[in-house]
Amino acid sequence: MKHLRQLEDQSVYILREAYKHFDHLAMLWSMGKDSTVLLWLARKAFFGHVPFPLIHIDTSYKIPEMIEYRDRLAREWRLNLVIGQNQEALAQGMNYTKGRVECCTALKTQALKQVMEEKGYTGLILGVRADEEGTRAKERYFSPRDKNSEWDFRDQPPELWDQYKTTFPPGTHIRIHPLLDWTEINIWEYIKLENIPFLESLYLDQGSGTRYRSLGCAPCTFPIQSTAKTVDDIIAELRQSNIAERAGRAQDAGRGMELLRKEGYM
Amino acid sequence: MAQQAQHPSPVHEQMNIVIVGHVDHGKSTLLGRLYADTGSLPEGKLEKIQAICRQQGKEFEYAFLFDAFLEEQQQGITIDTARTFFTWEGRQYIIIDAPGHKEFLKNMVSGAARAEAALLVIDAFEGVKDQSKRHGLLLSMLGVKQVAVVVNKMDLVRYREDVFRGIEKEYGEFLAQLNITPTYVIPASAKEGVNITRAASQMPWYQGPTVLDSLARFQRQTAREDQPLRFPIQDVYKFDARRILVGRLTAGKLTVGDRLVFSPSNKSAHIQTIEAFNVDPPPMHAVAGQSVGITLDEQIFVERGQIATHPESVPLVSTSFRAHVFWLGQRPLEMKRPYLLRLTTRETPCEVIEIHRIVDANNLDDHTTRALVHRNEVADVTLKTKWPIAFDLYADFEATGRFVLVDQYDVSGGGIITAFVHDEQEELRHEARMRESTWITGNVGPEERAQHYGHRAAVVLFTGPDAAAKAFLAKKLESVLVAEGRHAYLLDPLNLRRGLDSDLGDTDTHETVRRFGEVVRLLADTGLLIITSTNAFSSTADHVVQAIHTLVDPVPVITIYMTKSSERLQPDADLVFAGPEDFDERVHEILAFLKRKGILADPLGLRPSFQFSI
């Protein structure tokens, strides 16, 4: 349990740095386990308050339970919810059959750029973790993006001790990653420790022998074979498993994620 | 491609380890081998990479397992730090693979700055190289004291003991100069899997631990908890009725009821509560490493950047110190160029006033000095900050003894403080500290006064050459403020001459300034806006400005530099007024500035929209 408190202390520190340095700050919330833990950590950092808006990038293809859960927590926790959606692309009929990377780019990356531009956010807090996949393993806690939201991983700023990159030229923005040091198991251990409400109907086996390990759009996210019915079951299962967490996420195949993330994908 | 290790035992602690060393000495290979041989790779990962290698007709290397970017695989080098996760015997390791190429030193430093222990890899065939030493030097500066040296590629020297002993001796002597004693020196071959997770039959002369064993024997650093308290204030929140001071303890511990002193302001109060969300009952203690929030029993002025401690162990305060700096900026570090210094949560402009020598990792005794410090160099320098700063020597306290320098938008260097340097404010600072520690207050706090007056206490200080209409503008400002209903008072320093200072002669500048500063401090304590100028002290204006800052701290001092000519500009002032004046416009600018700084609440008469958080 001590290691979870260490992770919590570091994440809370990062969130407070972000809040201090960015006047136009927002947090991305996908209703998945990671960004919900992130939201909970914000409530820890700010003593029950969430002093910035939460952006949900709604591709319109999300699993319906996710939307219901989103609206319920937004009410109960008095969240300032901002919905981002690339309506132009949707009107033109964008969907995954046009190519998964193309679809993610239009409905997620572009939708995010639109909402960032419209609202003028200069700091964006995200729940990415280094252990999810290779490009995320190289992220900084405070990671600059250029005018086109592109990530220059060849020339990342130094990050020394607890001093982060909080000054940046106009027109660019900073992505803030408080969960970088958390693993998938840590997320579940923390959900249990803090008793955080999560999407039980999707993450736990409801009797069909399957459950979701990672949530995304309905057409591109597949459940895994699992009989885990409690958080403890999930933790036990993960300790034994050697299968990558995002194996059920289609856009990760091949070089998909490197190309997506260079151009501003979360 | 999740890189978490699979091990059934529950985790009880976490540790960050960095792998460093000269380029091509086999860091990524070592890491790949460590994961493969402990069964820590995701299913199918090894086979997948092996298949890609066969397709592309290259020989499989363990290093490929973690080189995530296309570019890295093409160049065969790691260009940025990668975190990988690995659990072994109840400890969760974050292993940071740091690039060894000189060009990517800033990435190596970023990786090592997060680590509690390091594996430093040296190629047995090539021996100790330039970056082996530079990385050793940087580890010592970054505070990584536990270092296991891995002499890799022993297969290339046919596992010969004399080769190993030679490197062990050479590098051990180098580390000794940096006050690092390697925890272990391990002969190994990552490529052949020798001494990584399994002891080697090839080297019967070696009885020590394997690389995996050495990880398990690294200690978590808990000593910080036993040090005196260091609690740098990160922010002050007022989301509800509570006024919560937040921050992360970098040393020591605190308990509800403790008396805290804030440096450099010297204000003090007791801890009333420790605030926490979803914790029942609320905590009574906090220790080093924790991010906490506290409330105080008294309203005192506290802001980000101050360091809270117990009264019996306060940090050093000065505007100058000596430090070892490593420079990572594109543009060289130079004297007289403005940088922003960040030490824990405190930020202040600073400059380098002397470069004593460039520290050469290959020859630590060398005393080369130069006017510039280039990228990737380490130098011994003296820094001067614009405002006094609370700090410690790095040898005593890690987190409050180190800092970074920001050049324009970028963190461009880091440093550790090696010595305190006296400055001319020391005596006044001591006086202020003594005075604050015994000051008797009534029941009315500064926040209450501010709510009633519609403004915070502040000093507006006019500076600049004679005959620049300072007195005229000061009078006008006072009139406008009072007409608005603010509590402002014009104090001309000349007024002290015949009264309070009647026992002093013209040469007693120091005492004249001191008394003037103490009078301003008293008036500020009543909650007034004090308007004054340096016109009685024109020859030593900089010194007067600094002295007033020292004596009234933490009340804000707004300096306004006025001159008739448009050439002699004073960059240090908050506002600069040059050339012919439109005085109404100037007053308006000053009011706008005071509002922006949160000194004047707006609009007056209504409930202030600005929540005074003092």
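Residues numbered from 1 in each chain as written. Chains lettered and ligands numbered in written order. Predicted model: local features only at pLDDT ≥ 70, side-chain atom pairs only at ≥ 80, totals over all residues. Heavy atoms only, no water.

Asks: Requested: an account of the pairing of strand S25 (residues 529-533) of chain B, with residues and values cited.
Replies: Residues and elements named next belong to chain B. A large share of S25 lies buried, amounting to 5 of its 5 residues. Residues Leu529, Ile531 and Ser533 line one face of S25 and the alternating positions Ile530 and Thr532 line the opposite face, and both faces are buried. Sheet topology note: the strand S23 (residues 458-463)/S25 ladder contains 5 bridges and is parallel. Of the residues in S25, the one forming a bridge with Leu461 is Thr532. Two elements, strand S24 (residues 488-490) and S25, share 3 bridges in a ladder whose sense is parallel. In the sheet register, Tyr489 faces S25, and the bridge partner there is Ile530. At this point the chain moves from S24, through helix H11 (residues 509-525), to the parallel S25, and the crossover so formed is right-handed. (Buried < 20%, exposed > 50% of the residue type's maximum accessible area, 1.4 Å probe, protein only. Helix = DSSP H or I, 4+ residues; strand = E, 2+ residues; numbered from the N terminus. Pairing = 2+ DSSP bridges. Right-handed = clockwise from strand over helix to strand, strands pointing away.)

Asks: I'd love a proper account of the domain arrangement of chain B, names of residues and values included.
Replies: Residue and element names in this part refer to chain B. As far as domains go, chain B holds domain 1 (13-217), domain 2 (224-309), domain 3 (316-426) and domain 4 (442-596). Relative to domain 3, the C-alpha centre of domain 2 lies at a distance of 28 Å. Across the contact, 13 residues belong to domain 2 and 11 residues belong to domain 3. For the domain 2 and domain 3 pair, buried surface summed over both sides reaches about 1000 Å², with 65% attributable to carbon and sulfur atoms. Seen at the junction of domain 2 and domain 3, the total is 1 salt bridge. Note that Asp392 is salt-bridged to Arg230, the shortest N-O span being 2.7 Å. Linking domain 2 with domain 3 are 5 residue pairs in polar contact (both at pLDDT 80 or more). For the side of domain 2 that touches domain 3, the leading source of residues is strand S7 (residues 231-237), giving 3 residues. Looking at the side of domain 2 that touches domain 3, its residues break down into 6 nonpolar, 5 polar and 2 charged. (Domains from an automatic or database assignment. Contact = heavy atoms within 4.5 Å. Buried area = accessible area lost by both parts, 1.4 Å probe. Salt bridge = Lys/Arg side-chain N within 4 Å of Asp/Glu carboxyl O. Polar contact = N/O pair within 3.5 Å; in protein donor to acceptor, adjacent residues only side chain to side chain. Nonpolar A, V, L, I, M, F, W, Y, C, P; charged D, E, K, R; others polar.)

Asks: Account for the interface of chain B and chain A, naming residues and giving values.
Replies: Facing the 81 residues of chain B at the interface are 71 residues of chain A. Counting the surface lost from both chain B and chain A, the interface buries some 6500 Å², and carbon and sulfur atoms represent 51% of this. Here chain B and chain A share 5 salt bridges between them. Note that B:Arg114 and A:Glu159 form a salt bridge whose closest N and O atoms lie 3.9 Å from each other.

Asks: So, a negative patch on the surface: which residues are in play, and what are the values?
Replies: Residues and elements named next belong to chain B. A grouping of Asp24, Glu59, Glu61 and Glu126 is seen on the molecular surface, where their side chains present a negatively charged patch. Turning to its location among the elements, Glu59 is positioned in the loop between helix H2 (45-56) and helix H3 (70-75). Judged by relative accessible area, Glu59 falls into the exposed class, the value being 62%. (Patch = residues over 30% accessible without salt bridge, like charges linked within 9 Å, V, L, I, M, F, W, Y side chains within 5 Å. Areas by Shrake-Rupley, 256 points an atom, 1.4 Å probe, with all protein chains shown as cover. Lys, Arg positive; Asp, Glu negative; His and termini not counted. Charge placed at Lys NZ, Arg CZ, Asp CG, Glu CD.)

Asks: Describe the packing of aromatic side chains, with residues and values.
Replies: Residue and element names in this part refer to chain B. Taken as a whole and assessed by the stated rule, the structure comprises 32 aromatic pairs over all chains. Judged by centre distance (4.9 Å) and plane angle (70°), the ring pair of Phe472 and Phe583 falls under edge-to-face. Pair noted here: Phe472 is in helix H10 (residues 470-483) and Phe583 is in helix H13 (residues 583-596), with a separation of 111 residues, a long-range link. Here Phe472 falls in the partly exposed class, since its relative accessible area comes to 49%. (Phe/Tyr/Trp six-rings, centres within 6.5 Å; stacked < 30°, edge-to-face > 60°.)

Asks: Kindly report on the environment of B:Leu46, identifying the contributing residues and their values.
Replies: All names here are of chain B. Residue placement: Leu46 occurs in helix H2. Residues Leu46 and Phe60, 14 residues apart in the sequence, show an inter-C-alpha distance of 9.7 Å. Beyond its immediate stretch of four places on either side in the chain, Leu46 contacts Leu41, Phe60, Tyr62 and Leu65.

Asks: I'd like to hear about the sheet that holds strand S13 (residues 291-296) of chain B, residue by residue, with values.
Replies: Taking strand neighbours around the barrel as the criterion, the 6 strands line up as S7-S8-S13-S11-S10-S14 (chain B) in a closed arrangement whose pairing is antiparallel. The mean inter-strand angle of the sheet, taken between neighbouring strand axes irrespective of direction, is 50°. As judged from the 4 bridges shared by S7(B) and strand S8 (residues 244-248) of chain B, these two strands associate in the antiparallel manner. Note that in S8(B) the partner of B:Asp235 across the bridge is B:Val246. Where helix H1 (residues 2-21) of chain A meets the sheet, its contacts fall on S7, S8 and S13 of chain B, and the angle it forms with S7(B) comes to roughly 55°. (Axes fitted to C-alpha atoms, helices over the stretch in contact; angles between N-to-C directions.)

Asks: Describe the environment of B:Met284, naming the residues involved and giving the relevant values.
Replies: Residue and element names in this part refer to chain B. Looking at the secondary structure, you find Met284 in the loop between strand S11 (268-275) and strand S12 (285-287). Taking the relative accessible area as the measure of exposure, Met284 reaches 47% and is therefore partly exposed. Sequence separation between Met284 and Thr273 is 11 residues; the distance between their C-alpha atoms is 7.5 Å.

Asks: Please set out the packing of helix H4 (residues 105-113) of chain B against helix H5 (residues 130-142) of chain B residue by residue, giving values where relevant.
Replies: Residues and elements named next belong to chain B. Close contact between H4 and H5 brings their axes to 10 Å; oriented N to C, the two are set at 40°. By the criterion of interaxial angle, the relationship of H4 to H5 is oblique. The hand of the H4/H5 crossing is right-handed. Between H4 and H5, the contacting residues are Leu105, Met108, Val109, Ala112 and Ala113 on the first element and Gln131, Arg134, His135, Leu138, Leu139 and Leu142 on the second. Looking at the contact of H4 with H5 residue by residue, the class counts come to 8 nonpolar, 2 polar and 1 charged. (Parallel < 35°, antiparallel > 145°, perpendicular 65-115°, else oblique. Left-handed = near helix turned anticlockwise from the far one by under 90°.)

Asks: Please set out the side chain of B:Arg521 residue by residue, giving values where relevant.
Replies: Residue and element names in this part refer to chain B. Relative to the assigned elements, Arg521 resides in helix H11. Looking at Arg521, its side chain comes within polar contact range of the side chain of Glu436, at 2.9 Å. Those residues in contact with Arg521, other than ones at most four positions away along the chain, are Lys267, Arg435, Glu436, Trp439, Leu551 and Val552.

Asks: Describe the side chain of B:Asn16, naming the residues involved and giving the relevant values.
Replies: Residue and element names in this part refer to chain B. Along the polypeptide, Asn16 turns up in strand S1 (residues 13-21). At a separation of 3.0 Å, a polar atom in the side chain of Asn16 contacts the main-chain carbonyl oxygen of Arg114. Apart from residues lying up to four places away in sequence, Asn16 is in contact with Ile94, Ile96, Arg114, Ala115, Glu116 and Ala117.

Asks: Account for the pairing of strand S3 (residues 81-84) of chain A, with residues named and values stated.
Replies: All names here are of chain A. Only one face of S3 is covered, namely the one carrying Val82 and Gly84; the face carrying Leu81 and Ile83 has none of its residues buried. Pairing between strand S2 (residues 54-57) and S3: 4 bridges, direction parallel. Bridge pairing in S3 places Leu54 opposite Leu81.

Asks: Could you give an account of the environment of B:Gln50, naming the residues involved and the relevant values?
Replies: Residues and elements named next belong to chain B. Inspection of the secondary structure puts Gln50 in helix H2. Classification of Gln50 by relative accessible area gives partly exposed; the value is 27%. Taking the C-alpha atoms as reference points, Gln50 and Leu481, separated by 431 residues in sequence, lie 77 Å from one another.

Asks: Tell me about the pattern of salt bridges, residues and numbers included.
Replies: Residue and element names in this part refer to chain B. Taken as a whole and assessed by the stated rule, the structure comprises 59 salt bridges over all chains. Of the charged contacts, one joins Glu13 and Arg91 as a salt bridge, the two residues approaching to 2.7 Å between their closest N and O atoms. Within this pair, whereas Glu13 is found in strand S1, its partner Arg91 is found in strand S3 (residues 91-97), the two being separated by 78 residues in sequence. Since its relative accessible area comes to 16%, Glu13 is described here as buried. A cluster of three or more residues bridged by salt bridges with shared partners is formed by Lys267, Arg435, Glu436, Glu518, Arg521 and Asp525.

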